[in-house]
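Spelled out from the first residue to the last, the chains are:
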Amino acid sequence: MALNMNKNLKLYYSIKEVAEMFGINESTLRYWEQEFPYLKPKNAGASRIRQYQEKDIEQIRLIYNLVKVRGFKIAAAKNIINNNRTGADRRAEVLTRLIDVRTELQALKKQIDML
């Protein structure tokens, strides 16, 4: 079996790590957990520390796209997710890819300008 070098080896992320990934406050994540019932990170230990898995991060990415990037209110984002989950997931995926392509193109432009 071949070793997959692109695979993320980390299984759980803290609330601080996830907040930093998206550039939002930890309190925003806690609020989203209350508003979106399917966003339920694992709580571990007696201190009940939140542990986010990759599936949770995908949910947050979708919510972030709808609320922060596209500017929908929480109620509208819930409605979109509840009524057209597949379409909302697909749009979030496309937007993420476009942002990645833009970042790569900007880096290439910088390299060309330096020549």
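Residues numbered from 1 in each chain as written. Predicted model: local features only at pLDDT ≥ 70, side-chain atom pairs only at ≥ 80, totals over all residues. Heavy atoms only, no water.

Draft legend 1. Molecular detail of the overall build of the chain. The helix and strand inventory of the chain stands at five helices and two strands. When the helices and strands of the chain are read in sequence order from the N terminus, they spell out α-α-β-β-α-α-α. Each of the 115 residues in the chain was classed as buried or not, and the buried ones make up 26%. Long-range pairs, those at least 24 residues apart, make up 53% of the contacts in the chain between residues at least 6 apart in sequence. Carbon and sulfur atoms make up 55% of the accessible area of the chain, which amounts to about 8,500 Å² in all. (Helix = DSSP H or I, 4+ residues; strand = E, 2+ residues; numbered from the N terminus. Buried < 20%, exposed > 50% of the residue type's maximum accessible area, 1.4 Å probe, protein only. Contact = heavy atoms within 4.5 Å. Areas by Shrake-Rupley, 256 points an atom, 1.4 Å probe, with all protein chains shown as cover.)

Draft legend 2. Fine view of the side chain of Asp56. Residue position: Asp56 is located in helix 3 (residues 54-69). You can call Asp56 buried: its relative accessible area is 2%.

Draft legend 3. Quick look at the confidence of the model for the chain. Per-residue pLDDT for the chain averages 83, and the proportion of residues at 70 or more is 83%. At the low end of the mean pLDDT range in the chain sits strand 1 (residues 42-44), at 74; at the high end sits helix 2 (residues 26-35), at 93. (pLDDT = per-residue confidence, 0-100.)

Draft legend 4. Spotlight on helix 2. Among the residues making up helix 2, those that are buried are Thr28, Leu29, Trp32 and Glu33. For helix 2, the buried positions fall inside an angular range of 145 degrees around the axis, keeping them on one side. Here the buried face of helix 2 lies against helix 1 (15-22), strand 2 (49-51), helix 3 and helix 4 (74-83). (Arc of directions from axis to C-beta.)

Draft legend 5. Layout of a nonpolar patch on the surface. On the surface, a nonpolar cluster with roughly 270 Å² of combined accessible area is contributed by Val101, Leu105 and Leu108. Note on placement: Leu108 falls in helix 5 (residues 85-114). (Patch = residues over 30% accessible without salt bridge, like charges linked within 9 Å, V, L, I, M, F, W, Y side chains within 5 Å. Salt bridge = Lys/Arg side-chain N within 4 Å of Asp/Glu carboxyl O.)

Draft legend 6. Representation of helix 1 in the model. Among the residues of helix 1, Ile15, Val18, Ala19 and Phe22 are the ones counted as buried. One side of helix 1 carries all its buried residues, which in axial view fall inside an arc of 100 degrees. If you follow the buried residues of helix 1, they end up packed against helix 2, strand 2 and helix 3.

Draft legend 7. Spotlight on the nonpolar core. Residues Val18, Leu29, Trp32, Phe36, Tyr52, Ile60 and Ile63 are the most contacted members of the largest nonpolar core, which totals 21 residues. Broken down by secondary-structure element, the contributors of at least two residues to this core are helix 1, helix 2, helix 3 and helix 4. Each residue touching Ile60, except ones within four places of it in the same chain, is listed here: Val18, Phe22, Leu29, Trp32, Leu39 and Tyr52. (Core = buried A, V, L, I, M, F, W, Y, C linked by side-chain atoms within 4.5 Å.)

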